Amino acid sequence: MKEARSRCPINLSLEIFGDRWTLLVLRDVVFGGARHFRELLGGAERISSNVLADRLAALVEHGLLTRAGDASHKQKVTYSLTDRAIDLVPVLVQLSAWGVRHLPVADAYAARAEVLTAGGPPLWEAFMDELRETHLGTRRGEAPDGPTVTERLHAAYAASVTDRTE
């Protein structure tokens, strides 16, 4: 790893997340469920394959993603969130909430952000538990009764897309 410019926590965080693509890659893994290179390459922002490969390598190097072979195909790699990356969920939610309040966000993205914002920290924790179960095979709390947070986010997205097409 390269030498940090200062030991300031904001600077040190920006050394990892301070470009346009890194948080978008994490967004697609956290909220979109993307786990493979091709899934991440197909995002709405059209990241180039060389930039994606660089960001994935950096996220692995910084301990935010792990990389493992995929049993379904010898050349396929599966990326998983680490607990360190899952701890970013509240930051991503707050960044989304700010964007919804101040920027011309598409309805589908706003719908997901509004579910998470309305649910507050208890919902974020439940979502983080779901991510831990999916990516790490562990869970801190008990599984909730009713729909999962992921299901609620997908339903909000689907409803906003349906509302636009009707």
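Computed from a prediction, not measured in an experiment: that's the story for all the values here.

Let us now look at the packing of aromatic side chains. We describe a pair of aromatic rings using the distance from one ring centre to the other and the angle between the two ring planes. Under the defined criterion, the tally for this structure stands at 1 aromatic pair. Ring geometry for Phe31 versus Phe127: centroids 5.6 Å apart, planes at 10°, classification stacked. One end of the pair, Phe31, is in the loop between helix H2 (22-30) and helix H3 (37-41); the other, Phe127, is in helix H7 (residues 107-136), with 96 residues separating them in the sequence. For the pair formed by Phe31 and Phe127, the shared burial category is buried. The lysine or arginine in question, Arg20, covers the ring of Trp21, its NZ or CZ lying 4.7 Å from the ring centre.

Among the surface-exposed residues, Trp98, Leu103, Val105 and Tyr109 lie close enough to one another that they form a single nonpolar patch of about 370 Å² accessible area. Here Val105 shows up in the loop between helix H6 (89-102) and H7. Note on Val105: relative accessible area 32%, which makes it partly exposed.

Glancing now at the pairing of strand E1 (residues 65-70). Relative to strand E2 (residues 73-81), E1 runs antiparallel, the two sharing 6 bridges. Residue pairing across strands places Gly69 opposite Val77, the latter belonging to E2.

One way to see where empty space is left: roll a probe the size of a water molecule over the atoms. Taken as a whole and assessed by the stated rule, the structure comprises 1 cavity of 30 Å³ or more. Every residue along the wall of the largest cavity is listed here: Trp21, Leu24, Val25, Arg27, Asp28, Leu40, Gly43, Glu45, Arg46, Ile47 and Leu52. Broken down by element, the lining of the largest cavity gets its largest block of residues, 4 residues, from H2. In the lining of the largest cavity, the residues fall into 6 nonpolar, 1 polar and 4 charged.

Moving on to the pattern of salt bridges. Counted by the stated rule, this structure contains 9 salt bridges. Two residues, Asp129 and Arg132, come together in a salt bridge whose shortest N-O distance is 3.2 Å. With a gap of 3 residues between them, Asp129 and Arg132 both fall in helix H7, about one helical turn apart. By sharing partners, the salt bridges in this structure join Asp83, Asp87, Asp129, Arg132 and Arg140 into a single network.

Calculation rules
- Residues numbered from 1 in each chain as written.
- Predicted model: local features only at pLDDT ≥ 70, side-chain atom pairs only at ≥ 80, totals over all residues.
- Heavy atoms only, no water.
- Phe/Tyr/Trp six-rings, centres within 6.5 Å; stacked < 30°, edge-to-face > 60°.
- Helix = DSSP H or I, 4+ residues; strand = E, 2+ residues; numbered from the N terminus.
- Buried < 20%, exposed > 50% of the residue type's maximum accessible area, 1.4 Å probe, protein only.
- Lys NZ or Arg CZ within 6 Å of the ring centre and 35° of its normal.
- Patch = residues over 30% accessible without salt bridge, like charges linked within 9 Å, V, L, I, M, F, W, Y side chains within 5 Å.
- Areas by Shrake-Rupley, 256 points an atom, 1.4 Å probe, with all protein chains shown as cover.
- Salt bridge = Lys/Arg side-chain N within 4 Å of Asp/Glu carboxyl O.
- Pairing = 2+ DSSP bridges.
- 1 Å grid on protein atoms, 1.4 Å probe; cavity = no way out; pocket = protein on both sides within 12 Å on 5 of 7 lines; lining within 4 Å.
- Points joined across faces, edges and corners; volume = space filled by probe spheres on them.
- Nonpolar A, V, L, I, M, F, W, Y, C, P; charged D, E, K, R; others polar.

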